[in-house]
Amino acid sequence: MLLASQVQLYKKPTDYIPRIAAVHDLCGYGKCSLGVAIPVLSAAGCDVCPVPTSLFSAHTAYEVFYMHDTTSMLSDYLDAWKQENVDLDGVYSGFLGSAEQVSIIQRLYREYPEALRFVDPVMGDAGKIYPTYTDELCCAMRELVDGADLLTPNMTEAAFLASMDYPGSNPSKEAIDKIMDSLIGLGAHNVVLKGIVKGDGKIRNYLAGKDFDLVEVSSELLPFMLHGTGDLFASCCIAAIMNERDLQTAAQFASDTVRHAMQKTLKQPNYQQRGVSFETTLGELTALMC
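The rules behind the values
- Residues numbered from 1 in each chain as written.
- Predicted model: local features only at pLDDT ≥ 70, side-chain atom pairs only at ≥ 80, totals over all residues.
- Heavy atoms only, no water.
- Phe/Tyr/Trp six-rings, centres within 6.5 Å; stacked < 30°, edge-to-face > 60°.
- Lys NZ or Arg CZ within 6 Å of the ring centre and 35° of its normal.
- UniProt positions renumbered as here; feature names shortened; annotations may be inferred.
- Helix = DSSP H or I, 4+ residues; strand = E, 2+ residues; numbered from the N terminus.
- Core = buried A, V, L, I, M, F, W, Y, C linked by side-chain atoms within 4.5 Å.
- Buried < 20%, exposed > 50% of the residue type's maximum accessible area, 1.4 Å probe, protein only.
- Contact = heavy atoms within 4.5 Å.
- Disulfide = S-S within 2.5 Å.
- Polar contact = N/O pair within 3.5 Å; in protein donor to acceptor, adjacent residues only side chain to side chain.
- Axes fitted to C-alpha atoms, helices over the stretch in contact; angles between N-to-C directions.
- Parallel < 35°, antiparallel > 145°, perpendicular 65-115°, else oblique.
- Nonpolar A, V, L, I, M, F, W, Y, C, P; charged D, E, K, R; others polar.

Colleague: I would appreciate a short explanation of the packing of aromatic side chains in the present structure.
Modeller: The geometry of an aromatic ring pair is captured by two quantities: the separation of the ring centres and the angle between the planes. Counted under the stated rule, the structure contains six aromatic pairs. Both rings, one in Phe56 and one in Phe65, keep their centres 5.8 Å apart while their planes meet at 45°; by these two values the pair is tilted. An aromatic cluster of three or more residues is present, and its members are Phe56, Phe65, Phe95 and Tyr133. Arg142 extends its terminal NZ or CZ atom over the ring of Phe160, reaching a point 4.2 Å from the ring centre. Here the basic side chain of Arg274 rests over the ring of Tyr29, its NZ or CZ set 4.2 Å away from the ring centre.

Right under this line is the structure:
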């Protein structure tokens, strides 16, 4: 068995800029999804190719928002990529607008079999599934677990994908082991379980994989929550991986960067609704290339 600190998912050729398809929604206002993935990965030296799964006027923490489902255009969108011989080093999926979009991601997997598969199953939080997710879409999301090079759920999403009861915000070690074992058994190669709070001043992320046993990375727990931190964590983790960091280092980097961004966010107006302000931490992403 390896250690998590020995798991390296990507080796970058000298001076090469890796290309990642980011299959997420796009919000006009609010910090999340493509609005996070594009600048974060770009700052870390990645070429980000958006595949917009839906368009929102603002994210769903706002009382009023408009959503446009882009499913009908995505086949033609990818047909055009194929005709232009677009190449990819990774496929990074997040929030989906319909169950049919799972097949769009699976198409990318077929057409780019060497690309790393990064799955952030943005489905819910605090034991509840987001209102835009239908039963059909939730079930289809389980299909993305098998073969994921990196799966980054929170506890709500992990429990659902593993077909287990939500164990609460302070799960036991036994519950974490059971859920992680289930996700690995379903075919995930590596899992980072995000944002576990144990009540001792730390926020924990648990890592497990088919080649290594459970390990924990932690950071200081701040006394508030923010929209978009899950997207920021996943994007920072992938950014570090694409800069040849091992999985444990990448998860620790993501945890620390999210904390730094949250601390900066407190000084911004309407921060609790608008979400995490990551802009002043982009230098930490650029430093990954050094």
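Having seen the structure, we can now continue with the description.
Colleague: Explanation requested: the UniProt feature "domain: Pyridoxamine kinase/Phosphomethylpyrimidine kinase" (unreviewed entry) in the protein in the structure shown.
Modeller: According to UniProt, the "domain: Pyridoxamine kinase/Phosphomethylpyrimidine kinase" (unreviewed entry) feature falls on residues 42–267. For residues 42–267, helix accounts for 38% and strand for 23%, while the C-alpha atoms at its two ends are 25 Å apart.

Colleague: Hey, could you run me through the nonpolar core in this one?
Modeller: In a soluble, globular protein the nonpolar side chains are often hidden away together inside. In this structure, Trp81, Leu96, Met141 and Leu151 are the most contacted members of the largest nonpolar core, which totals 50 residues. For Leu96, the contacting residues outside a window of four places in its chain are Val23, Thr53, Gln101, Val102, Ile105, Tyr133, Leu137, Met141 and Leu144.

Colleague: Please clarify how the state of the cysteines should be interpreted in this entry.
Modeller: What makes a disulfide is a covalent bond joining the sulfur atoms belonging to two cysteines. Going through the model one piece at a time under the given rule, you end up with zero disulfides. Cys236 forms no disulfide, and the closest cysteine sulfur to it belongs to Cys237, at a distance of 8.7 Å. When its relative accessible area of 0% is taken as the criterion, Cys236 is described as buried.

Colleague: Sorry if this is basic, but what is going on with the environment of Tyr166 here?
Modeller: Considering the arrangement of structural elements, one finds Tyr166 in the loop between helix H5 (155–161) and helix H6 (173–185). In this structure Tyr166 comes out as partly exposed when scored by relative accessible area, which is 32%. Distance in space between the C-alpha atoms of Tyr166 and Ala126 is 8.9 Å, their sequence separation being 40 residues. Non-local contacts of Tyr166, meaning those with residues more than four positions away in its chain, are made with Ala126, Gly127, Met155, Thr156 and Ala159.

Colleague: I tried to follow helix H1 (residues 34–43) on my own but got confused; where do I start?
Modeller: Residues spaced three or four apart along an α-helix face the same direction, because each turn holds 3.6 residues. Listed as buried for H1 are Leu34, Val36, Ala37, Val40, Leu41 and Ala43. Looking one or two residues past H1, Gly45 carries a phi angle of roughly 85°, positive in sign.

Colleague: Would you explain the side chain of Ser98 in this entry?
Modeller: Within the secondary structure, Ser98 sits in the loop between strand E4 (90–93) and helix H3 (100–111). Looking at Ser98, its side chain comes within polar contact range of the side chain of Glu100, at 3.2 Å. Excluding residues within four positions of it along the chain, Ser98 makes contact with Asp69, Thr71 and Leu137.

Colleague: I would appreciate a short explanation of the packing of helix H2 (residues 71–83) against H3 in the present structure.
Modeller: When two helices pack together, their arrangement is given by the angle between the helix axes and the distance between those axes. Orientation of H2 relative to H3, taken along the N-to-C sense of each, is 10°, at an axis distance of 10 Å. What the angle tells us is that H2 and H3 run roughly parallel. Contact residues: Thr71, Leu74, Ser75, Leu78, Asp79, Trp81 and Lys82 in H2; Glu100, Gln101, Ile104, Arg107, Leu108 and Glu111 in H3. Along the lines of polarity and charge, the residues of the contact of H2 with H3 split into five nonpolar, three polar and five charged.

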